[in-house]
Amino acid sequence: MESRLYRLRHSASHVMAQAVLEMFPEGKLAIGPAIEDGFYYDFDLPRTLNPDDLVAIERRMREIIAANYPFVRREVTPDEARRIFANQPYKLELIEGLVSGSLTEDGEVAGAGGEATVTLTTYRHDNFEDLCRGPHVESTGQINPDGIKLLRVAGAYWRGDERNPMLQRIYGTAWETAEELEAYLKRLAEAEKRDHRRLGTQLDLFSIHPDQLGGGLILWHPKGALIRHLVEDFCKREHLAHGYDLVYSPHIGRSALWETSGHLSYYRENMYAPMEIEGQQYYLKPMNCPFHILIYKSTLRSYRDLPLRFAEWGTVYRYERSGVLHGLLRVRGFTQDDAHHFCRPDQMPAEIDFVLNFSLYLLRSFGFDEFSAYLSTRPGERKAVGDVEQWRAAEQALEDALKRSGIPYEIDEGGGAFYGPKIDLKVKDAINREWQLTTIQFDFNLPERFDLTYMGEDGQPHRPYMVHRALLGSMERFFGILIEHYGGAFPVWLAPVQAVLIPIADRHRDYARQVVAQMKAAGLRAEVDEGSDRMANKIRKAQEQKIPYMLIVGDREVEAGTVAVRLRSGQDLGPKPLGALIAMMQEVIAAKATV
RNA sequence: GCCCUCGUAGCUCAGUGGGUAGAGCACAUUCUUGGUAAGAAUGGGGUCACCGGUUCAAGUCCGGUCGAGGGCUCCA
């Protein structure tokens, strides 16, 4: 993290802070680190900033850069630091944190350190001095004035805690050259073009109606619903082929169930208010697990029955604060591709291996092929349920499975939930953004609470292991990610309309309809563009809808019994006999490929 | 929930220092029957998010409510 770019950005952050303080001499500084692609600085200011302020600040930054002030590092004692920053309460708080060894310069909690050994450093350029570990570039002139840009102002809590004062954060970006800045801004624009909310409207996939329906609740339009159907259908077949049983459960359940499961104690703030039915309280389900457990418990289970894998595309409802809702990615009602595995201890390692590989197989089928993982282990003694050996065995199984899979992983020590360790799988999308999808989670809590058992070989009841997992996560979120991954240009097997027939003149419509009928009979999704546009405009419209195959038919094609094939890539394949086209498309579909 | 910004036609957006609402796309009708990313004309469509205030007059100014976007926090 001390690369040249890092120093550049960190230095740009200091330059910005100077410019802001000149504008607001009574302003207070919080922290201002370099981040991926840029930097920010948090301020406590007498008034709120507006976009014009950013322009002025940026202009002043260029002047400071042009003056080429050197960055001067110096070491100070805690007392000196306290004097320097006497008017900067946030800095003082950081200093006390550093002195007591509980904080790093970034305001993050660190391990304990010794008071005596503390050395503080500051960096000064011109008349601006900031508490800072560094490093920086040598002088402000090393920042390229054409490589920086202030992006936006946002609210941020001091130390990220909402009980603390809200500060104003200015985000900026900094690059070594104007070209790199340009490229970065272009990447942002590219990401915006892929935004699933924009494409959702443009391609007529889904809609959200906060006023009439409610925020975080999704309406799947026919084309979006078709894609979801294809995704689910494929996954369900694969689940059935891989030893899962499908189950269904209702959307509500009595309070007693949620009391037994512990959700009312531990998860209540994410649950909606209960409804009363004949004097009993019922809750909308935030999770499917208790239902699957009741299925498990509905009969006496033998060790011979295990492992059991109950899968359900279960729709759950969770309260999310209004400010966090975001398109399909963060909603209040969603459908998980949920499953619960129940197995014997001796089956556990194989079970984890299986589910990890199964997940990778499914994700690859949807065009994701770069993965990384997090293994989250046992949290501090007090918080964790279950005995230590169980945890160790489970963690070992998870890590062994990761090792065998060859996926790069990191261990989040103590990051597991109180009820079990877990693996989170992340995928990289087409423009290199990471998304967390799969989660594979041990649960030592629910089997205990529901007293789950199976009859062992020894004729004695034993406690099964329980693993909770969602592979794509939720259908809503996964769909959003899929839209952005493909930029709306879905692979042929998922394209809602696979081919559009474009008759050149009205007299070619009948032929076009016949072609569509034959394609439909072959299991393909095709339709005729019956509009009155000219051919070129029909191509344009099909292109905008990202339809993979455009089939133009005019006199020549009717005559020869062919279609002229144009791909959405722009490639013109020329005339093809219908049979050959159908075979070609079926091949692409079977390979889950794209065109 | 909190901070900032925003809310005008189905979509994308214009609307000058307050003076009776506009464009492109989409849609409909008509003309055109055109060979690989926009043929033309005409037309329908808006209680300018909602409520209140200032004013002779409010899309425009002020206050509130609701909603959205970007963040913070949280998370599938």
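These lines cover the structure that appears in this document, whether it is placed above or below.

Reading the values: the criteria
Residues numbered from 1 in each chain as written. Chains lettered and ligands numbered in written order. Predicted model: local features only at pLDDT ≥ 70, side-chain atom pairs only at ≥ 80, totals over all residues. Heavy atoms only, no water. Patch = residues over 30% accessible without salt bridge, like charges linked within 9 Å, V, L, I, M, F, W, Y side chains within 5 Å. Areas by Shrake-Rupley, 256 points an atom, 1.4 Å probe, with all protein chains shown as cover. Salt bridge = Lys/Arg side-chain N within 4 Å of Asp/Glu carboxyl O. Lys, Arg positive; Asp, Glu negative; His and termini not counted. Charge placed at Lys NZ, Arg CZ, Asp CG, Glu CD. Helix = DSSP H or I, 4+ residues; strand = E, 2+ residues; numbered from the N terminus. Buried < 20%, exposed > 50% of the residue type's maximum accessible area, 1.4 Å probe, protein only. Contact = heavy atoms within 4.5 Å. Pairing = 2+ DSSP bridges. Axes fitted to C-alpha atoms, helices over the stretch in contact; angles between N-to-C directions. Near = heavy atom within 4 Å. Polar contact = N/O pair within 3.5 Å; in protein donor to acceptor, adjacent residues only side chain to side chain.

1. Points about a negative patch on the surface
So, point 1. A cluster of acidic residues, D146, E179, E180 and E182, forms a negative patch at the surface.
So, point 2. With respect to the helices and strands, the residue E179 is situated in helix α5 (residues 178–193).
So, point 3. Since its relative accessible area comes to 59%, E179 is described here as exposed.

2. Here we look at the environment of K149
So, point 1. Along the chain, the position of K149 falls in strand β7 (residues 148–157).
So, point 2. Measuring from C-alpha to C-alpha, the distance between K149 and L54 comes to 9.3 Å, with 95 residues separating the pair along the chain.
So, point 3. Once you skip the residues sitting within four places of it in the chain, K149 turns out to touch E58, G172, T173, L181 and L185.

3. As for the sheet that holds strand β12 (residues 252–254)
So, point 1. With antiparallel pairing, the 3 strands of this open sheet are ordered in space as β12-β14-β13. The strands lining the two open edges of the sheet, one partner per strand, are β12 and β13 (275–277). Neighbour-to-neighbour, the strand axes of this sheet turn through a mean angle of 40°, independent of strand direction.
So, point 2. Two elements, β13 and strand β14 (residues 280–284), share 3 bridges in a ladder whose sense is antiparallel. Along β14, the bridge assignment pairs I277 with Q280.

4. Considering the protein's contact with RNA strand B
So, point 1. By nearness alone, 48 residues border RNA strand B, and R330, I504, D506, R534 and R540 come closest of all.
So, point 2. Of what RNA strand B places within 4 Å of the protein, 49% of the atoms are sugar or phosphate.
So, point 3. Here E320 contributes a side-chain N or O atom positioned 2.8 Å from a base nitrogen of RNA strand B.
So, point 4. In this structure, a sugar or linking oxygen belonging to RNA strand B sits 2.7 Å away from a side-chain N or O atom of N537.
So, point 5. Of all the secondary-structure elements, those providing two or more residues to the surface near RNA strand B are β7, β8 (166–174), α6 (196–202), α16 (535–544), α17 (555–560) and β27 (562–567).

5. Some words on the pairing of strand β28 (residues 572–577)
So, point 1. When β27 meets β28, the two strands line up antiparallel, connected through 5 bridges. In the sheet register, A564 faces β28, and the bridge partner there is P575.
So, point 2. Connecting β27 to the next strand, β28, in antiparallel fashion are 4 residues, including G570 with a positive phi near 100°.

6. Focus on the sheet that holds strand β4 (residues 72–76)
So, point 1. As summarised here, the arrangement of the 3 strands in space is β4-β5-β6, forming an open sheet in which the pairing is antiparallel. Looking at which strands have only one partner, the edges of the open sheet turn out to be β4 and β6 (128–131). In this sheet, adjacent strand axes meet at a mean angle of 25° when their direction is disregarded.
So, point 2. The sheet contact formed by strand β5 (residues 120–125) and β6 spans 4 bridges and is antiparallel. When the bridges of β6 are listed, H125 appears paired with F128.
So, point 3. This element, helix α1 (residues 4–23), spans β5 and β6 of the sheet and lies at about 120° to β6.

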